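# Chains, contacts and geometry: an overview
Here's the letter readout for the chains.
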Amino acid sequence: DALPILVSDLRMPGMDGIEFLRRVREQWPDTVRIMLTGQADLTAAIGAVNQGSVFQFLTKPCPTEMLGRALEAAL
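Being a predicted model, the structure only gives us computed values, none of them experimental. Within any chain, residue numbers begin from 1 and follow the written order of that chain's sequence. Thresholds applied to this predicted model are a pLDDT of at least 70 for local features of residues and 80 or more for the giving and counting of side-chain atom pairs; totals over whole chains, interfaces and linings are not thresholded and use all residues. In computing side-chain properties, one takes all heavy atoms of the structure into account and sets aside hydrogens as well as water.

### Some words on the sheet that holds strand E3 (residues 56-59)
Strand order in this open sheet of three strands is E1-E2-E3, and the pairing throughout is parallel. At either end of the open sheet lies a strand with only one pairing partner, and these are strand E1 (5-9) and E3. On average, each strand axis in the sheet is inclined to that of its neighbour by 25°, with strand direction left out of account. Paired strands, as defined in this entry, are two strands with at least two bridges between them according to DSSP. Under the DSSP-based scheme used, a helix requires at least four consecutive residues in state H or I and a strand at least two consecutive residues in state E, with every element numbered from the N terminus. With five bridges joining them, E1 and strand E2 (residues 32-37) adopt parallel strand pairing. Paired with Asp9 across the bridge in E2 is Leu36. To get an axis, a line is fitted to the C-alpha atoms, and for a helix only the part in contact is used. The angle between two axes follows their N-to-C directions and goes from 0 to 180 degrees.

So, in structure tokens, the structure goes:
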């Protein structure tokens, strides 16, 4: 049985993706979380991994093949 997968952007209005993924992890811990951002910096990556327990951190523009491989690996 496949786990649910969630892809979130880092920069969103009202709540950043790190906080969003942290809350998702609390409510649905089995969800595989992937962060997608055009603002790739080390601080954001560390926050996503440490707080949101992301499976992968991808940068935009993200080639379709790379996103596909990340989704396949998440499954």
